[in-house]
Amino acid sequence: MTGLEFLAFGKKQKSLMQRMMETLGVYGKLTHLPGHAGVETRAAERCSKCGHEAECASWLAANETPQEPPAFCSNTDLIGRLQKLTPAR
């Protein structure tokens, strides 16, 4: 994979990750965490290594207001912790 392909792949994965977190209502909480850039980078790395890209995209398209992420999501633990936080301001 070339450097440009890697960057494009990373953006696609981050997009799925961000869409997942927005769908579950936690992306705003993530961006308000101290050190959120590092947390978001690690979450994007987990997402990029997941291997369920097509399944994730299909799940997101079929689930408008889910209460929890799909079982295959590599960021389930992070999402669960963010769901327990008070709403972002």
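Going by the structure above, here's the rest.
All figures in this text were calculated on a predicted structure; none of them were measured in a lab. (Residues numbered from 1 in each chain as written. Predicted model: local features only at pLDDT ≥ 70, side-chain atom pairs only at ≥ 80, totals over all residues. Heavy atoms only, no water.)

Thoughts on the overall build of the protein
Across its full length, the protein holds five helices and zero strands. When the helices and strands of the protein are placed in sequence order, the string is α-α-α-α-α. For the protein, the share of sequence-separated contacts (at least 6 apart) that also reach a separation of at least 24 residues comes to 71%. Carbon and sulfur atoms provide 56% of the accessible area of the protein, an area that totals close to 5,900 Å². (Helix = DSSP H or I, 4+ residues; strand = E, 2+ residues; numbered from the N terminus. Contact = heavy atoms within 4.5 Å. Areas by Shrake-Rupley, 256 points an atom, 1.4 Å probe, with all protein chains shown as cover.)

Some points on helix H4 (residues 53–62)
Of all the positions in H4, only Cys56, Trp59 and Leu60 are classed as buried. End-on, the buried residues of H4 take up no more than an arc of 100°, which puts them together on one face. Opposite its buried face, H4 presents the exposed residues Ala54, Ala61 and Ala62, each directed more than 90 degrees away. (Buried < 20%, exposed > 50% of the residue type's maximum accessible area, 1.4 Å probe, protein only. Arc of directions from axis to C-beta.)

Regarding the environment of Gly28
Structurally, the position occupied by Gly28 is in helix H2 (residues 27–31). Separated by 54 residues in sequence, Gly28 and Leu82 place their C-alpha atoms 9.4 Å apart.

Notes on empty space enclosed by the protein
By the definition in use, this model includes one cavity of 30 Å³ or more. There is about 120 Å³ of room inside the largest cavity. What lines the largest cavity is a set of 16 residues, and nearest its centre among them are Cys47, Cys50, Cys56, Cys73 and Ser74. Every element with two or more residues in the lining of the largest cavity is listed here: helix H1 (3–23) and H4. Per-element tally for the lining of the largest cavity: the top contributor is H1, with five residues. A class-by-class count of the residues in the lining of the largest cavity yields 10 nonpolar, five polar and one charged. (1 Å grid on protein atoms, 1.4 Å probe; cavity = no way out; pocket = protein on both sides within 12 Å on 5 of 7 lines; lining within 4 Å. Points joined across faces, edges and corners; volume = space filled by probe spheres on them. Nonpolar A, V, L, I, M, F, W, Y, C, P; charged D, E, K, R; others polar.)

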